[in-house]
Amino acid sequence: MQNVIRWVSILIGCFAVSLGVHLLSSSELVIGGTAGLGIVAQHLTNYSFGTLFFVINLPFYALAVTQLGIAFALRTFISVSILSITSEFLQQSFIVHFPHPVIAAILGGISIGIGLIFLFRNGSSLGGMNILCIFLEKKFGFNPGKTMLITDLMIVGSALLVFGPLQIVYSAVAIFVMTAILGRYHKKAPLERESQEADSEENRVSATA
């Protein structure tokens, strides 16, 4: 039952992220990480976001296996595959227009942030830069937060190849919203662990009473 809940949550997370990416892409906005790379590459090539996102993540699976284990790598591979498929579906069947790009930025950032929380809480990810950050931290001691910030800035900067400066500003809003949501998740996580430990301790006391 626990395994079913995990995979349902991963499916929800993948759909939420793909929806957020679709909202941003439809308004010609970009996000950090491999998703942002996929959006930029989509505008530079004739390939869809789903195809590009899947291909871009392929080199990172070797790092995932060696650094995070086969189980995590497998869940990540499946999550990336699901997101690629759902992105293709949304792109072909769901057309959306917003009166202002900042609305797309806020809604897209919220959707991606919530989706990533579902994935992280269930032992999965969307690969790419997250795996690279963990590898560089273990191998060279690089701070993962700084590494992620640098890569996100580089990716958003590369978006200037296809987007205007104002679109980059709105994209920064999406990244800020997504980061704020993930920040709240990380603040709550220790409390959730403490709560679980407290419940386990109460159960042990009850069992021995």
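Rules used throughout
- Residues numbered from 1 in each chain as written.
- Predicted model: local features only at pLDDT ≥ 70, side-chain atom pairs only at ≥ 80, totals over all residues.
- Heavy atoms only, no water.
- Helix = DSSP H or I, 4+ residues; strand = E, 2+ residues; numbered from the N terminus.
- Buried < 20%, exposed > 50% of the residue type's maximum accessible area, 1.4 Å probe, protein only.
- Contact = heavy atoms within 4.5 Å.
- Phe/Tyr/Trp six-rings, centres within 6.5 Å; stacked < 30°, edge-to-face > 60°.
- Arc of directions from axis to C-beta.
- Polar contact = N/O pair within 3.5 Å; in protein donor to acceptor, adjacent residues only side chain to side chain.
- Core = buried A, V, L, I, M, F, W, Y, C linked by side-chain atoms within 4.5 Å.
- Expected span 1.5 Å × (residues − 1).
- Patch = residues over 30% accessible without salt bridge, like charges linked within 9 Å, V, L, I, M, F, W, Y side chains within 5 Å.
- Areas by Shrake-Rupley, 256 points an atom, 1.4 Å probe, with all protein chains shown as cover.
- Salt bridge = Lys/Arg side-chain N within 4 Å of Asp/Glu carboxyl O.

Enquirer: Would you take a moment to explain unusual backbone geometry for this structure?
Expert: If a residue is not glycine, its phi is most likely negative; likewise, a peptide bond is most likely trans. One non-glycine residue with positive phi stands out, namely glutamate 28, at about 55°. When you line up the elements, glutamate 28 lands in the loop between helix H1 (2–26) and helix H2 (33–44). Looking at glutamate 28, the relative accessible area reads 37%, which means it is partly exposed.

Enquirer: Even after reading the chapter, I still don't get the environment of phenylalanine 77, so can you show me in this structure?
Expert: Considering the arrangement of structural elements, one finds phenylalanine 77 in helix H5 (residues 70–93). The exposure class assigned to phenylalanine 77 is partly exposed, which follows from its relative accessible area of 34%. Sequence-distant contacts of phenylalanine 77, that is, excluding residues within four places in its chain, are made with Phe54 and Tyr61.

Enquirer: Sorry if this is basic, but what is going on with the packing of aromatic side chains here?
Expert: The relative placement of two aromatic rings is captured by the distance of their centres and the angle of their planes. Tallying each qualifying case throughout the model produces three aromatic pairs. Seen in terms of ring centroids, tyrosine 61 and phenylalanine 77 are 5.3 Å apart; in terms of plane orientation they differ by 70°. Their pairing is edge-to-face. A residue pair is termed long-range when its members are at least 10 positions apart, and tyrosine 61 in helix H4 (residues 60–68) and phenylalanine 77 in helix H5 qualify at 16 residues. An aromatic cluster of three or more residues is present, and its members are Phe54, Tyr61 and Phe77.

Enquirer: Before we go on, may I ask you to explain H4 in this structure?
Expert: Structurally, the α-helix is built with 3.6 residues per turn, so residues lying three or four positions apart point the same way. Turning to H4, its buried residues are Phe60, Tyr61, Leu63 and Ala64. One side of H4 holds all its buried residues, which, seen down the axis, span an arc of 155°. Those residues of H4 that are exposed and angled more than 90 degrees off the buried face are Ala62 and Thr66. Residues of H4 that are buried in the fold lie against H2, helix H3 (49–57), H5 and helix H7 (129–140).

Enquirer: Mind showing me how you'd approach the side chain of serine 111 here?
Expert: Counting through the fold element by element, serine 111 comes out in helix H6 (residues 101–121). Take serine 111: its relative accessible area is 11%, and that puts it in the buried class. Looking at serine 111, its side chain comes within polar contact range of the main-chain nitrogen of glycine 20, at 3.5 Å. Each residue touching serine 111, except ones within four places of it in the same chain, is listed here: Ala16, Val17, Leu19 and Gly20.

Enquirer: Is there a simple way to explain the nonpolar core in this structure?
Expert: If you look at soluble globular proteins, the nonpolar side chains tend to sit buried side by side. Within the largest apolar cluster, 35 residues are counted, with the highest numbers of intra-cluster contacts made by Ile31, Ile112 and Leu116. Only H1, H2, H3, H5, H6 and helix H9 (165–208) provide two or more residues apiece to this core. Here this core takes eight residues from H9, the largest share from any one element. Those residues within four positions of isoleucine 31 in sequence are excluded, and the remaining contacts are Leu24, Gly36, Ile39, Ile112, Ile155, Ala174, Ile175 and Met178. If you look at the next biggest cluster of nonpolar residues, it comprises five residues, including Phe60, Leu63, Ala64 and Ala73.

Enquirer: Teacher, can you tell me more about H7 here?
Expert: Taking 1.5 Å per residue, 12 residues should reach 16 Å; H7 reaches 16 Å between its end C-alpha atoms and fits that length. Buried residues of H7: Met129, Ile131, Cys133 and Leu136, and no others. Two residues or fewer past H7, glycine 141 is found with a positive phi of approximately 80°.

Enquirer: So what exactly am I meant to see when it comes to a nonpolar patch on the surface here?
Expert: Together, Met1, Val4, Ile5, Val8, Ile12, Ile103, Ile106, Leu107, Ile110, Ile114 and Phe118 give the surface a local cluster of nonpolar side chains, amounting to about 920 Å² of exposed area. Breaking the nonpolar patch down by element, the ones donating at least two residues are H1 and H6. At six residues, the largest contribution of residues to the nonpolar patch is made by H6. For isoleucine 114, a relative accessible area of 37% gives the class partly exposed.

Interpretation in functional terms is not warranted from these geometric data alone.
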